[in-house]
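A look at the structure
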Amino acid sequence: MSSALYGGAAGRRVTVRDIQAAKSSGEKWPMVTAYDAMTARVFDDAGIPVMLVGDSAAMVVYGYDSTLPVTVDDLIPLTAAVVRGSSRALVVADLPFGSYQASPAQALETAARFMKEAGAHAVKLEGGHRVLPQVEALVSAGIPVMGHLGLTPQSVNAFGGYRVQGRGQSGEELMADAKALEHAGAFSLVLECVPTDLADRVTAALSIPTIGIGAGPGTDAQVLVWQDLMGLTERPAKFVKKYFDLHGEMDRAVRAFADEVSSGAFPAKEHSYS
């Protein structure tokens, strides 16, 4: 594999050691969500080094209004599809709400299902000090763990909505959580919707990579939900940059198809068999 994490040669899968090496060399890298084999193949061919099968599937795949309803059984087939559709990217599976919080044993059982049944290469879970026993248990079992602090969507009801986290004293608590997760063995850490200066301080304080989403430009990596960056989301968050109007392109294409079917122009002779 090329020394570059993003866009390197596809000789083997990206590993957590490659992620750590990128931090050490100062290379910034992208992570995107994926939920199916065909999309995963596109992102893999583009050189995306890490793909997250996020519990955001609850909204963008299953149509719920939050991440809370999605289950392990919902996410395992999606994770397996992303693994099958890719050959280079490190595939990280989100542990959904209610599947790891009860105990380290529950977390290990859930994570083991994602590794054994779906072929995931790592898992992600939300929270700080309250999930340290879970992180330690997973790491001890040989399961790479990505942490997640700041706006943790599974706790949206406790936060009172989707809002910036880590201002004032809570920023020091987030810093303490970040250091504790690193000490527990997490190989990377998502920082979501936190002030830029706090994200910068956390990134500088940790030896593991930070992955920002609404955390400013100073983190080691950036992640977006692919439907957001492609312009499918009607009301994206402030931190989303739309790189393509896929909604508009899909609308034009399906209308063109429908119009040709209505007029009889499709299928033409070249689309028919004799």
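The following refers to the structure shown. Sequence positions are assigned chain by chain, starting from 1 and proceeding in written order. In keeping with the model being predicted, local features are shown solely for residues with a pLDDT of at least 70 and side-chain atom pairs are shown and tallied solely at 80 or more, while totals for entire chains, interfaces and linings include all residues. Where side-chain values are given, they derive from all heavy atoms of the structure, hydrogens and water being excluded.

The next subject is the sheet that holds strand β2 (residues 50–53). Only when DSSP finds a minimum of two bridges between them are two strands counted as paired. Here a strand is any run of E in DSSP of at least two residues, a helix any run of H or I of at least four, and the numbering for each starts at the N terminus. Around the barrel, 8 strands lie side by side as β1-β2-β3-β4-β5-β6-β7-β8; this closed barrel has parallel pairing. Sheet twist, expressed as the average angle between the axes of neighbouring strands with direction ignored, equals 25°. In this sheet, strand β7 (residues 210–213) lies alongside strand β6 (residues 188–192) in parallel orientation, the contact comprising 4 bridges. Paired with V190 across the strands is I211, a residue of β7. Against the sheet, helix α8 (residues 169–184) touches β5 (145–150) and β6, its axis set at about 175° to β5. Axis angles are defined between N-to-C directions and span 0 to 180 degrees, where every axis is a line fitted to C-alpha atoms and, for a helix, only to the segment in contact. We call two residues in contact when some of their heavy atoms are within 4.5 Å.

A few words now on helix α6 (residues 132–140). Relative accessible area decides the class of each residue, using a 1.4 Å probe on protein chains only: under 20% of the type maximum gives buried, over 50% gives exposed, and in between gives partly exposed. What α6 keeps buried is the set L132, Q134, V135 and L138. All buried residues of α6 fall inside an arc of 160° around its axis, so they share one side. Elements in contact with the buried residues of α6: α5 (104–118), β4 (122–124), β5 and α8. Two residues or fewer after α6 comes G142, characterised by a positive phi angle close to 90°. Here the arc refers to the set of directions running from the helix axis out to each C-beta atom.

On to the packing of α8 against helix α9 (residues 196–205). Contact pair α8 / α9: the axes reach a minimum separation of 10 Å and the direction vectors enclose 25°. The orientation of α8 with respect to α9, classified from their angle, is roughly parallel. Note that α8 runs across α9; the crossing there is right-handed. Facing G171, E172, L174, M175, A178, K179 and E182 of α8, the residues of α9 in contact are L198, R201, V202 and A205. For this classification, Asp, Glu, Lys and Arg are treated as charged, while Ala, Val, Leu, Ile, Met, Phe, Trp, Tyr, Cys and Pro are nonpolar and the rest, including Gly, are polar. Taken together, the residues that form the contact of α8 with α9 break down as 6 nonpolar, 1 polar and 4 charged. Roughly parallel refers to an angle under 35 degrees, roughly antiparallel to one over 145, roughly perpendicular to one between 65 and 115, and oblique to any angle outside these ranges. Note on convention: the crossing is left-handed when the near helix lies turned anticlockwise from the far helix by less than a right angle, right-handed when the turn is clockwise.

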